[in-house]
Amino acid sequence: MERTRTWLVAAAVAGLAAIATVDAVVGGSGGEPRVARSTTRGEGGSEENRLATEALRAQSVYGTIVYADRECLVHAVRLPDLGRLERDTDSPTGQQGCRFTISPGGAFSVGLAAPRPGSSLVAACVGGEVVVGTEDGIVLGRAPGCAPAWKPNGDLTAIHRGELVDVRFAPPVGTATTPPRVLLSKRDLARAFGPPWAFSAPEVREAAWLDNERVAIIVTDAATGEDALAVFEGGRLIGAPPSPYLRLSRLRTSPRGSYVAAQVGQPGGAVVIDRRGEFFALPFRGARAVAWSTDEVWTAAATSNAIYVWETGERPSRFARLPIAARDVAWR
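Below, the structure is looked at part by part. In this text the structure is predicted, and so the values were computed from the model without any measurement. (Residues numbered from 1 in each chain as written. Predicted model: local features only at pLDDT ≥ 70, side-chain atom pairs only at ≥ 80, totals over all residues. Heavy atoms only, no water.)

Right, let's talk about the overall build of the protein for a bit. A tally of regular secondary structure across the protein gives three helices and 27 strands. When each of the 332 residues of the protein is scored for burial, the buried share is 53%. Partitioning the intrachain contacts of the protein with sequence separation of at least 6 by distance along the chain shows that 50% fall at a separation of at least 24. (Helix = DSSP H or I, 4+ residues; strand = E, 2+ residues; numbered from the N terminus. Buried < 20%, exposed > 50% of the residue type's maximum accessible area, 1.4 Å probe, protein only. Contact = heavy atoms within 4.5 Å.)

With that settled, consider the pattern of salt bridges. Counted according to the given criterion, the structure contains 15 salt bridges. Here R205 and D227 are joined by a salt bridge, their closest N and O atoms 2.6 Å apart. A residue pair is termed long-range when its members are at least 10 positions apart, and R205 in strand β15 (residues 202-209) and D227 in strand β17 (residues 226-233) qualify at 22 residues. Like D227, R205 is buried. A salt bridge links R250 to D328; the shortest N-O distance between them is 2.9 Å. Taken together, the positions of R250 in strand β19 (residues 248-253) and D328 in strand β27 (residues 328-331) put the pair 78 residues apart, joining distant regions of the chain. Where salt bridges share partners, they join E47, R50 and E54 into one cluster. (Salt bridge = Lys/Arg side-chain N within 4 Å of Asp/Glu carboxyl O.)

We now examine the state of the cysteines. This model, assessed by the stated rule, comprises two disulfides. Residue pairing for C72: its cysteine sulfur links by disulfide to C98, the two sulfurs lying 1.8 Å apart. Here the disulfide of C72 and C98 is right-handed, its torsion about the S-S bond being about 90°. With C72 in the loop between β2 (63-68) and β3 (74-79) and C98 in the loop between β4 (83-86) and β5 (100-102), this pair connects stretches of sequence that are 26 residues apart. (Disulfide = S-S within 2.5 Å.)

Here we take up unusual backbone geometry. Cis geometry is adopted by the peptide bond preceding P80, which originates at L79 and carries an omega value of 10°. Within the secondary structure, P80 is located in the loop between β3 and β4. With an omega dihedral of 5°, the bond running from P195 to P196 counts as a cis peptide bond. The residue P196 is located in the loop between α3 (186-192) and β15 in this model. With a phi close to 65°, C72 is a non-glycine residue in the positive phi region. C72 gets classed as buried once you look at its relative accessible area, which sits at 7%.

Another aspect to go through is the nonpolar core. The tendency in soluble globular proteins is for nonpolar side chains to be buried side by side. In terms of nonpolar packing, the biggest core is built from 21 residues, with L56, I65, L79, I307, V309, L322 and W331 touching the most fellow members. Elements with a contribution of two residues or more to this core: α2 (46-58), β2, β3, β23 (289-292), β24 (298-302), β25 (307-311), β26 (319-322) and β27. The dominant element in this core, judged by the number of residues it contributes, is β24, at three residues. One finds L189, F193, F199 and W209 within the second-largest nonpolar core, a separate group that totals 19 residues. (Core = buried A, V, L, I, M, F, W, Y, C linked by side-chain atoms within 4.5 Å.)

Moving on, we come to the side chain of S254. When you line up the elements, S254 lands in the loop between β19 and β20 (259-264). What makes S254 buried here is its relative accessible area of 2%.

Along the chain, the position of A330 falls in strand β27. With a relative accessible area of 1%, A330 lands in the buried category. The spacing of A330 and A302 is 28 residues in sequence and 9.3 Å in space, taken between C-alpha atoms. When near neighbours in sequence (up to four residues on either side) are disregarded, A330 contacts T64, I65, V66, F100, I102, F108 and A291.

What follows is the structure, given as structure tokens:
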């Protein structure tokens, strides 16, 4: 598509640039990251760091933990030694951001813009429209809807009038193909959330793709004010925990699509289900965010006073406590 700029698109560019950042923390053209062999920035004490490092090393836990601290500054630490990662350029460390957006396969951004897997494109909801563009703010397309979500193959979907639709663009820039193809309709939802749910007007509010066919969604019912977390495939309900929630948000899938997590507004914390829609209990309460290692062997959860890392499972036998208070967490 031709990357033309017009004054009409300028507002969307500004809105997109305000919430779009990079889609990677480590790697890219900027060279290898520098590792500062120090304790995590003001978090915990040297003894806590030593114990955490020993536990991580003994269990062969590797990777990079990215987190937003209490002041919404972004940091990255390498496991198992907890050395802070720093970059001269092109690094989100030090940026301001209270939350992350993670797309299938682990594509990562700071803020609300959803990064496209395998590319530098991002999608965001700006003024009630889905706006797709580059990291530097060039708009490539826009369409009605909000809550953009990418499939692993790079196809884009969104929520439009309470239904899950695909988003496809045609020239000229700024024009979406109409009408959008409905992937999950209100009729599908009404059929799935009849008795015993008793949702009178279910609608999709968020979606996150586990693979190119299977999607996790947050279903909301305006009449009851309740939400449900469910997994669908081809318009058919695969599974859902039997109890509704007062408020769900911030869907996030694991890198290989085995799990999906959502934040619970009341009483707070996180809920996790597997790709069959079955409830997956966390070993503790109060998680602000959940992330998985790239192979899904390890799970991490951010809390108000620490990041906990444990072997993925409902009854883990191996875990470590990182003395890092975090608002959000991602695993690279």
